[in-house]
Amino acid sequence: MRTMPIVAPTHALRCQRACLDNLALVPASLLPSKGMWQQISDTLPAGATLLVYPNAESPLRAIMQRLASEFKHRGRDVLVVPAEHVLQGSSVA
């Protein structure tokens, strides 16, 4: 499996005017369910990251786990939620 490097943000994101409240990384299969995972994302403090893991058989899960550990290592607050919880509409506190 090919590894993807984590690269620096673009110039637009590095500008002082650009301010992201939080970041949500979800599998493309959950894009139709945006309302469900966005509710979770909106409850996070500014600067936090929401990572929604795909099902256990997906090779994307290992990548998401690596991203979570990298974000935590860089000092970001990270909330990890399995896709099953998002699809079931479970609340995460």
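For the structure, check the block above.
Residues numbered from 1 in each chain as written. Predicted model: local features only at pLDDT ≥ 70, side-chain atom pairs only at ≥ 80, totals over all residues. Heavy atoms only, no water.

The next point concerns the side chain of Thr 49. Within the fold, Thr 49 resides in strand S2 (residues 49–53). Among the polar contacts made by the side chain of Thr 49, one reaches the side chain of Arg 76 at a distance of 2.9 Å. Not counting chain neighbours up to four residues away, the residues in contact with Thr 49 comprise Leu 23, Leu 44, Phe 71, Arg 76, Asp 77, Val 78 and Leu 79. (Helix = DSSP H or I, 4+ residues; strand = E, 2+ residues; numbered from the N terminus. Polar contact = N/O pair within 3.5 Å; in protein donor to acceptor, adjacent residues only side chain to side chain. Contact = heavy atoms within 4.5 Å.)

Here we take up the packing of aromatic side chains. Counted according to the given criterion, the structure contains zero aromatic pairs. The ring of Phe 71 carries Arg 76 above its face, with NZ or CZ at 5.8 Å from the centroid. (Phe/Tyr/Trp six-rings, centres within 6.5 Å; stacked < 30°, edge-to-face > 60°. Lys NZ or Arg CZ within 6 Å of the ring centre and 35° of its normal.)

Counting eleven residues, the largest nonpolar core consists of Val 26, Leu 30, Trp 37, Ile 40, Leu 44, Ala 48, Leu 50, Val 52, Val 81, Ala 83 and Val 86. Within the residue set of this core, elements represented by two or more residues are helix H2 (34–42), S2 and helix H4 (83–88). Residues Tyr 53, Leu 67, Phe 71 and Val 78 belong to the second largest nonpolar core, which totals seven residues. (Core = buried A, V, L, I, M, F, W, Y, C linked by side-chain atoms within 4.5 Å. Buried < 20%, exposed > 50% of the residue type's maximum accessible area, 1.4 Å probe, protein only.)

Attention shifts here to the sheet that holds strand S1 (residues 23–25). Two pairing modes exist for strands in a sheet, parallel and antiparallel, and in both the strands are linked by backbone hydrogen bonds. Pairing within the open sheet is parallel, and its three strands lie in the order S1-S2-S3. The open sheet has two edge strands with one neighbour each: S1 and strand S3 (78–82). Looking at each pair of strands side by side, their axes are set apart by 15° on average, direction ignored. In the sheet, S1 pairs with S2 via three bridges, with the strands oriented parallel. In the strand pairing of S2, Ala 24 is matched with Leu 50. Along the sheet, H2 makes contact with S1, S2 and S3, crossing S2 at roughly 145°. Sheet strands touched by helix H3 (residues 60–73): S1, S2 and S3. Its angle to S2, the strand with the most contacts, is close to 160°. (Pairing = 2+ DSSP bridges. Axes fitted to C-alpha atoms, helices over the stretch in contact; angles between N-to-C directions.)

This part covers the pattern of salt bridges. Using the criterion set out here, one finds one salt bridge in the structure. Residues Arg 74 and Glu 70 are paired through a salt bridge, measuring 2.8 Å at the closest nitrogen-oxygen approach. Using a relative accessible area of 58% as the deciding quantity, one classes Arg 74 as exposed. (Salt bridge = Lys/Arg side-chain N within 4 Å of Asp/Glu carboxyl O.)

The element S2 is largely enclosed, with a buried count of five among its five residues. Side chains Thr 49, Leu 51 and Tyr 53 project from S2 onto one buried face, and the interleaved Leu 50 and Val 52 project onto a second face that is buried too. Between S1 and its parallel partner S2, the chain crosses via H2, and the hand of that crossover is left-handed. Here five bridges tie S2 to S3, and the two strands are oriented parallel to one another. Its bridge partner lying in S3, Leu 51 is registered against Val 80. You can see the chain leave S2, run along H3 and come back into S3, and the turn it takes is right-handed. (Right-handed = clockwise from strand over helix to strand, strands pointing away.)

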